[in-house]
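# Structure at a glance
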Amino acid sequence: GCDITTSAIENATRTAARIGKDIDFVVADAQTLEPIGDATQDIVYATYIIWLEDLRKASLAWHRVLRTGGRILMRQAHPIVDCLREHENGALAVSEPYFDRGPDFHTFQGTPIANRHGGWGKHAEVVEFFYRIEDMINALVEAGFQIARVVESRSEGIVSLPSHFTILARKD
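Here's what I pulled together on the structure shown here. (Residues numbered from 1 in each chain as written. Predicted model: local features only at pLDDT ≥ 70, side-chain atom pairs only at ≥ 80, totals over all residues. Heavy atoms only, no water.)

## Digging into a nonpolar patch on the surface
- Residues Val 141, Ile 147 and Val 150 make up a contiguous nonpolar surface patch of about 210 Å² in total accessible area.
- As for its position among the elements, Ile 147 is in strand 9 (residues 145-154). (Patch = residues over 30% accessible without salt bridge, like charges linked within 9 Å, V, L, I, M, F, W, Y side chains within 5 Å. Areas by Shrake-Rupley, 256 points an atom, 1.4 Å probe, with all protein chains shown as cover. Salt bridge = Lys/Arg side-chain N within 4 Å of Asp/Glu carboxyl O. Helix = DSSP H or I, 4+ residues; strand = E, 2+ residues; numbered from the N terminus.)

Below is the structure:
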């Protein structure tokens, strides 16, 4: 596993040890995956791609580290959810454009899971990048992946819309 932060790697290492798993974790940028070697991995799991400035570059890195026959599983919040808001009466309204969106700068206050367990104890200024589904699929295809399946998951909030989607792709 990899993360760009030492604290996340330390936490993952402790968690793996606690559940009896021998997993190697490295500090690495998901856009380059340095120092992970070429064709050394069977699976890449990519999530929170909103923090990746260059999705095409990341897709090429994921392709590079996978062995032939390796798979990438990309799970992400459905981009349409970021564009709509539900009013108290259940009506939906467009709150952000789906096309022509730039980076979003804001203060990151942790993930829901981290917050349920006491939080991170600090906030960070971050930038998030908006990717449409076509951006994600095209980046994977252009990197050389074969798309095996795309799944949209039902929303727990806005029941008439998907909340997440998953792409499964293979390196041939």
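Next comes the rest of the description.
## So, the pairing of strand 10 (residues 162-171)
- Most of strand 10 sits out of view: 7 of its 10 residues are buried.
- Pairing between strand 4 (residues 66-77) and strand 10: 7 bridges, direction antiparallel. Bridging from a neighbouring strand, Arg 75 pairs with Thr 166 of strand 10.
- Where strand 9 and strand 10 come together, 9 bridges link them in antiparallel fashion. The residue bridging Glu 152 from the neighbouring strand is Phe 165, located in strand 10. (Buried < 20%, exposed > 50% of the residue type's maximum accessible area, 1.4 Å probe, protein only. Pairing = 2+ DSSP bridges.)

## Considerations on the packing of helix 2 (residues 55-65) against helix 4 (residues 133-143)
- The geometry of helix 2 relative to helix 4 is characterised by a closest axis approach of 8 Å and an angle of 45° between their N-to-C directions. Regarding the angle of helix 2 to helix 4, the classification is oblique. Taken as a pair, helix 2 and helix 4 cross one another with a handedness that is right-handed. Note on element contacts: helix 4 touches helix 2 through Asp 135, Met 136, Asn 138, Ala 139, Leu 140, Glu 142 and Ala 143, opposite Leu 55, Arg 56, Ser 59, Leu 60, Trp 62 and His 63.
- Grouping the constituent residues of the contact of helix 2 with helix 4 by class yields 7 nonpolar, 3 polar and 3 charged. (Axes fitted to C-alpha atoms, helices over the stretch in contact; angles between N-to-C directions. Parallel < 35°, antiparallel > 145°, perpendicular 65-115°, else oblique. Left-handed = near helix turned anticlockwise from the far one by under 90°. Contact = heavy atoms within 4.5 Å. Nonpolar A, V, L, I, M, F, W, Y, C, P; charged D, E, K, R; others polar.)

## Quick word on unusual backbone geometry
- Between Glu 34 and the following residue, Pro 35, the backbone shows a cis peptide bond with an omega angle of 20°.
- Non-glycine residue Leu 33 carries a positive phi angle of around 55°.
- The residue Leu 33 is located in the loop between strand 2 (26-27) and strand 3 (41-46) in this model.
- One non-glycine residue, Ala 39, lies in positive phi territory at about 50°.
- What makes Ala 39 partly exposed here is its relative accessible area of 40%.

So far we have only geometry, and geometry alone does not tell us how the molecule works.
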